[in-house]
Amino acid sequence: MSFSSSSGRLPVPQDLLAMPGGVGGASAAADDPLAHQGRTRSFPAERGQWATSVHCPAGELLDELGEHRVESWRSALSAACHGAEVHPVDSPHLSLSRTVILRHHQIAAYTDALRSKLADSACCPVVADKLIALPNDDCTRTFFALRLAEHSAPACEQLVARVDSAMSLFGLPVYYDQPQLHVSLLWTLGDRSQDRSVQRLLDDISGDLASSGGVGFLADQVVCRSGNKEFMFSLS
Amino acid sequence: MDPGSIFFEEEDLPYEEEILRNPYSVKSWLRYVEHKADGRRPVAVCQIYERAVKQLPGSYKLWYRYLRYRRLLARARANSPDVSDADLQAELSVANAAHERALVHMHKMPRIWLDYCRFLTRQGRITESRRAFDRALRSLPLTQHDRLWPPYLRLVRLHAPHGCLETALRVLRRYVRFKPEGREDFVDFLLEHQRLDEAVANLVAIINDDSFQSSRGKSKHALWQELCNLLSRNPLEVTSVNAEAIIRQGISRYTDQVGRLWTALAEWHLRAGNISRARDVFEEALATVTTVRDFSQVFDASAEFEEGLVRQLMEAAEEGSAAAGDSEESLESDLAMLRFEHLIERRPLLLNSVLLRQNPHCVPEWHKRVQLLADRPAEQIGTYMEAVKTVDPHKASAGRACTLWTEFAKFYEKHDQLSDARTVFEKAAAADHRTVDDLAYVWCQWAEMELRHGPPEKALALLAKAVAPPSHKVDFYDRSEPVQARLHKSLKLWSFYVDLEESYGTLATARAAYDRMLDLQIATPQIVINYAVMLEESAYFEEAFRVYERGIALFKWPNVEELWKTYLIHFSDRYGGAKLERARDLFEQCLEHCPAELSRPFFLLYAKLEEEHGLAKRAMNVYERALERLPANQRAPMFNIYINRVAELLGVTHTRAVYEKAIESLPDAEAREFCLRFAELETRLGEVDRARAVYAYCAQICDPRLHEQFWHAWQEFEIANGSEETLREMLRVKRSVTAAFSTQLNYTAAAAAAAGSADSDDQAEDSAGPSSSDPMRALEQQQQQSAQPKGILFVRGKDQEQPAGVMRTAPAAAESAASGVANSNGAGGKANPEELQIGGDDDDSEDSDAGGEVMEEAGEDSDGGGENIEISELPVPSEVLGSLAKDSDDES
């Protein structure tokens, strides 16, 4: 029997490490970043863990912007990022929470809680007038997002607060302290938020947007996405 | 032979002539021989024989007779003292020559050969006889060798010790080739003559010969043993075979002799002077034997061997020190000593190995092994690893295989290697287990470890992971599914998880967990109660009550009892009288399906609720219902409570009805008690007449011989409250009751004996319960009624024991009794003495008067007070019993 020994510590038999289960075993699904455009998981996919987030769908925003405008931004940003590939976000949305982990048995209770919290919330008109670059928590990706205009933020922040209260019921992390409410449109790998050229381009685009009075949509429903399930909550 | 030399006498002539006529007739020759065989001239006989065999050389008959004659002749010569040795030798050689001549023609005749050989043997001509045997063997066909070998073997055996061993061996070898069954004898012979090598070779040949059948009924096994013994005892002498290989083969073949054979092998090496090889063999044996018996055999031999070695070296060292004091020798003896000690030290471990080899799935032995290796962590790890790899959880005996995993992980935990402990748990969670419970145990142990060492969130996350449902639906009891897939329904795991959620999670997460448990239908009533209590503590009362309702819907009676109890208590505590109707509904719902024997606490709770928040009347109603519902053995305490409550709520006077009901519905033993208390109550209230009526009523179930206490109490009462008449009346009743009880045929000597211990009897009656006493009672009453006329006679008979005055009035008593019977025909045999007192109906008044008078007269002193008594007593019983009767009517 061979041991993987290290000084001072008791060895762990190689046979044990070779057994199925746990980190070295077969049950951990191999995570291949290439399979999804170079993205990496923030937490491992595991049975019973349901990645959950709450957001308002913002498909209307895309319609209003027009496909060609987003496309032109995309190519410009790609050029500014020295040719790095910039991808459009699949379904643009206005995030109201972080991505948290729910257990399977908690999903129903959580959505119930969320429903009761959002029960008497009103629709809020959303206006965005600025394109910004936001890195994700572990700085592996940068999102290019439309930031909400200052006058439309408070209504959405109220929604965020309601979602937060549901989160805290389950001991889950609440949204960021100083929320930068935004609708992500494009993303690229790596942290590009500090690039000078990117900044300049973003400022230009933001100027254009602000001058045209920004783009907007009416947030009339909240979606809670948990794993592959989606729960809709309509706002009055 | 020359014809001229033929000499014959006169009387031989006819024979000679016949021979001349028929020279080839065996018969005529034989006749001639017979004629001459008178013993006077053996030479002549021999001559005739010679002539005969010359004429007829192919005649077996002639040759045989001739040779026999010759041998007899030679023997006779040998026995006669006056024959010189030279003569004898000459005679013998002639005889031998005759045999030789005969064999020229008769070489196919085994008889001739045998006789010749034997003859030669007798003469002590060893070599010649041997050659004769050899020639015989050569000339006779193989089928006839059987007859030759025994004498031949006898010969060589006889002479083997005297310098002919080699010859004997050669002969025997030939014999063995002819007849392999004779090998055993050959082996014995060889052993006898110290030819061990050849003996072993032959033994091996015997054992290798599958068709060999031992002539001595020895089994192959026995032969093996013999061989092994031989080999081990004589390592140096045996060179032709590979002793080690043979013994090892024996070890693999004869599992029941493994210990012995190993010892033999070691001994073989030892005797060959190969000490280190012997030690190796012992080690090998200790490492391979599978039974404790073999182990101890080998171990003892091994220990003995080492000890002997030590002793030997010590002695040598002593001698050496006397001479020179060689340091090398002392080192050697130290080494031997160490070896010996090492061996003794290792014994428990070796024994443990044996047991594990015997049953590798014996979990406690693995644990024991780890303990034995206490100071050697690396080996402990190795042992754990081997254990978890070897033990098949489905075959694990005397323990659960999962404990090996958890102990393995705890081992790392003890050495502050948490990450490694986690690795072990990870593997354990993925490993096979016999039951879901085992896997749950592993997870719980893991979570407990995390709790001990870190933030509870980690343990919580771990358990949440464990209870995650699998991707497809799985039946918990489906054994074909792996335990991992069924784990999410493990009650143990969920209980632990909800416990942790309750302690460390939020209310919402704990609720989610509890709800899932209820959904999975794995909750126990206790879990439901815990859930509800948790909600109540967080002031979610309605939710808590909903949980109770859910739990109650899940379980059946009697499991749901505790749940209902907690629910009702908590509900009452919470709302008091605020939601009385809902509470009542709950109680009704509960009592609807509640089995009678479990319903008491619920009735009490219900009554309490009604008393505190509702109406007293409703409370009383609940008590009434309880008394109807409860089984008989629980009724008496309930009556007690009821009476107390009634006295408190409605006043003492209202308890009368309850007492009456109690007396009516309870079995006799308990009814007596209530009667006494009822009477006491009445006495206290000053209602002397009522009290007396109660006593009188109770008297009919109190046998004076068994229930002295009652009669004593009545007497006390009468002394305190009554008059002389009432006292007398009491005595009268007592007598009549005595009479009534004595009429019962069932009143046996045993009952009389029991009178001394009336109390214990009462208790027995109490515990006997309604089912056993009621039918008996009914039977007794039936008999009492049917035997009524007879009973009266008995009264008289009994009275005869009384003072003489009674005897005088006895006929009168009989008369009146008879009239009583006549009168009461219609009333179904109501002529009980008790009836005289209490049955105060108008119809019966005459009867009772008459009876009263009779009894009065029987009481010796006649006075006119009888009528007064009747007048004063009449109204009261009618009231008492009237109400009773009414109640019973209502009930029915």
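Going along each chain's sequence as written, the residues are numbered from 1 onward. A letter from A marks each chain and a number from 1 marks each ligand, given out in the order of writing. Only residues with pLDDT of 70 or above have their local features reported here, since the model is predicted, and side-chain atom pairs are shown and tallied only from 80 upward, although totals for entire chains, interfaces and linings are computed over all residues. Note that the side-chain values use all heavy atoms of the structure and ignore hydrogens as well as water.

Attention now goes to the confidence of the model for chain B. Residues and elements named next belong to chain B. Confidence along chain B averages 75 in pLDDT terms, with 81% of residues attaining 70 or more. In the predicted structure, residues 787–892 sits below a pLDDT of 50 and forms 81 contacts with residues beyond four places in sequence or in another chain. Interface confidence in the predicted complex, given as ipTM, is 0.81; pTM for the same model is 0.64. Confidence of the prediction at every residue is given by pLDDT, a number between 0 and 100. Residues are treated as being in contact if the distance between any of their heavy atoms lies within 4.5 Å.

Okay, unusual backbone geometry next. One non-glycine residue, cysteine 139 of chain A, adopts positive backbone phi at about 55°. Going along the chain from the N terminus, every DSSP run of H or I of four or more residues is numbered as a helix, and every run of E of two or more is numbered as a strand. Along the chain, cysteine 139 of chain A turns up in the loop between strand E7 (124–135) and strand E8 (141–148). Cysteine 139 of chain A sits in the partly exposed class, given a relative accessible area of 40%. Phi angles above zero are rare outside glycine, and glutamine 521 of chain B is one such case at about 60°. With respect to the helices and strands, glutamine 521 of chain B occurs in the loop between helix H26 (507–520) and helix H27 (525–537). Exposed residues in this analysis have more than 50% of their type's maximum accessible area, buried residues have under 20%, and partly exposed residues fall in between, with area computed by a 1.4 Å probe over protein chains only.

This next bit is on the environment of leucine 227 of chain B. All names here are of chain B. Within the secondary structure layout, leucine 227 lies in helix H12 (residues 220–233). Along the primary structure leucine 227 and valine 204 are separated by 23 residues, whereas in three dimensions their C-alpha atoms are 7.6 Å apart. When sequence neighbours within four positions are dropped, the list of residues in contact with leucine 227 reads Val200, Leu203, Val204, Ile207 and Ile246.

Interfaces are often sized by the amount of accessible area the parts lose when they come together. Of the residues lining the interface, 35 residues belong to chain B; the matching set on chain A comes to 29 residues. The term buried area denotes the loss of accessible surface (1.4 Å probe radius) that occurs when two parts are joined, taken as the sum for both partners. Both sides of the chain B and chain A interface together cover about 2600 Å² of buried area, and 65% of this is carbon and sulfur. We define a salt bridge as a contact between a side-chain nitrogen of Lys or Arg and a carboxyl oxygen of Asp or Glu at a distance within 4 Å. The tally of links between chain B and chain A comes to one salt bridge. Here lysine 389 of chain B and aspartate 15 of chain A are joined by a salt bridge, their closest N and O atoms 2.5 Å apart. Whenever two N or O atoms come within 3.5 Å, that pair is a polar contact, provided that in protein one can donate a hydrogen and the other can accept it, and provided that, for residues adjacent in sequence, both atoms are side-chain atoms. Between chain B and chain A we count seven residue pairs in polar contact (both at pLDDT 80 or more) in total. Elements that contribute at least two residues to the side of chain B that touches chain A include exactly helix H19 (377–390), helix H20 (402–414), helix H21 (418–430), helix H23 (456–466), helix H25 (491–504) and H26 of chain B. For this classification, Asp, Glu, Lys and Arg are treated as charged, while Ala, Val, Leu, Ile, Met, Phe, Trp, Tyr, Cys and Pro are nonpolar and the rest, including Gly, are polar. The residue makeup of the side of chain B that touches chain A, split by class, is 21 nonpolar, seven polar and seven charged.

Further remarks concern the pattern of salt bridges. Residue and element names in this part refer to chain B. In this structure the tally under the stated criterion is 37 salt bridges over all chains. Of the charged contacts in the structure, one is a salt bridge between arginine 376 and glutamate 379, with a shortest N-O distance of 3.5 Å. The exposure class assigned to arginine 376 is partly exposed, which follows from its relative accessible area of 39%. Residue glutamate 379 is classed as partly exposed on the basis of its relative accessible area of 38%. Notably, a salt bridge pairs aspartate 519 with arginine 550, separated by 2.7 Å at the nearest N-O pair. Note that aspartate 519 is positioned in helix H26 and arginine 550 in helix H28 (residues 541–554), a separation of 31 residues in sequence. On the basis of relative accessibility, which here comes to 34%, the residue arginine 550 falls in the partly exposed class. Each of Arg71, Arg111 and Asp115 takes part in a single network of salt bridges with overlapping partners.

A separate point is the pairing of E7 of chain A. All names here are of chain A. Only when DSSP finds a minimum of two bridges between them are two strands counted as paired. Pairing between E7 and strand E10 (residues 215–219): five bridges, direction antiparallel. For alanine 128, the partnering residue across the bridge sits in E10 and is valine 215. Relative to E8, E7 runs antiparallel, the two sharing seven bridges. Residue pairing for E8: leucine 131 is matched across the bridge by leucine 146. Counting the residues in the hairpin turn of E7 and E8 gives five residues, including cysteine 139, whose phi is positive at 55°.

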